[in-house]
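Structure assessment
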Amino acid sequence: MGITCDIAGDGKKAWEMYKANGYQLILMDMQMPEWDGIDATVKIRDYEKNRKTEHPAYIVAVTANTFAEDKKKCRQAGMNDFISKPFKLGELKKIIEHVVKNNNE
């Protein structure tokens, strides 16, 4: 699809990488060491808010937990979407296309 990606081993590293690189799209695993996906997302959203970021990252929860309460926690943390593990390539492509389209308008 002509995109590049970076991989963070934990939520704290994901936040540090976001600060350094300002990603458009983040696939945030919900279960990571150091900080989980919720903690990392809250930090990213606070950082964006404090910097008055014009185009916040589109954050997608990647999780096996698809219960309503899990989705609610994701939304409350500031996530835009979720994708269930295991996911199909077509599902991921739709998300990427959505982000690219909205960032180029």
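What comes next concerns the included structure. These numbers were taken from a predicted model, which means no experiment stands behind them.

About the thresholds
Residues numbered from 1 in each chain as written. Predicted model: local features only at pLDDT ≥ 70, side-chain atom pairs only at ≥ 80, totals over all residues. Heavy atoms only, no water. Helix = DSSP H or I, 4+ residues; strand = E, 2+ residues; numbered from the N terminus. Buried < 20%, exposed > 50% of the residue type's maximum accessible area, 1.4 Å probe, protein only. Pairing = 2+ DSSP bridges. Axes fitted to C-alpha atoms, helices over the stretch in contact; angles between N-to-C directions. Right-handed = clockwise from strand over helix to strand, strands pointing away.

Examining the side chain of Thr63
When you line up the elements, Thr63 lands in strand S2 (residues 58-63). The class for Thr63 is buried, based on a relative accessible area of 8%.

Remarks on the sheet that holds strand S1 (residues 25-29)
Reading across the sheet, the 3 strands line up as S1-S2-S3 and stay open at both edges, with parallel pairing between neighbours. Two strands in the sheet have a free side with no partner beyond their single neighbour: S1 and strand S3 (81-84). Across this sheet, the average inter-strand angle for adjacent strands is 25°, counted without regard to direction. Pairing of S2 with S3, which is carried by 4 bridges, proceeds in the parallel orientation. Considered in S3, the bridge of Thr63 is made with Ser84.

Regarding the pairing of S1
Of the two faces of S1, only one is covered, namely that formed by Ile26 and Met28; the face formed by Leu25, Leu27 and Asp29 stays uncovered. Assessed by its sense of winding, the connection that carries the chain from S1 through helix H2 (residues 37-51) to S2 is right-handed.

Notes on unusual backbone geometry
Trans peptide bonds make up most of the peptide bonds, and negative phi angles are found at most residues other than glycine. Across the junction of Lys85 and Pro86, the peptide omega takes the value -10°, indicating a cis bond. Considering the arrangement of structural elements, one finds Pro86 in the loop between S3 and helix H4 (89-103). Its identity is not glycine, yet Lys52 carries a phi of approximately 55°, on the positive side. Counting through the fold element by element, Lys52 comes out in the loop between H2 and S2. Owing to a relative accessible area of 73%, Lys52 belongs among the exposed residues under this scheme.

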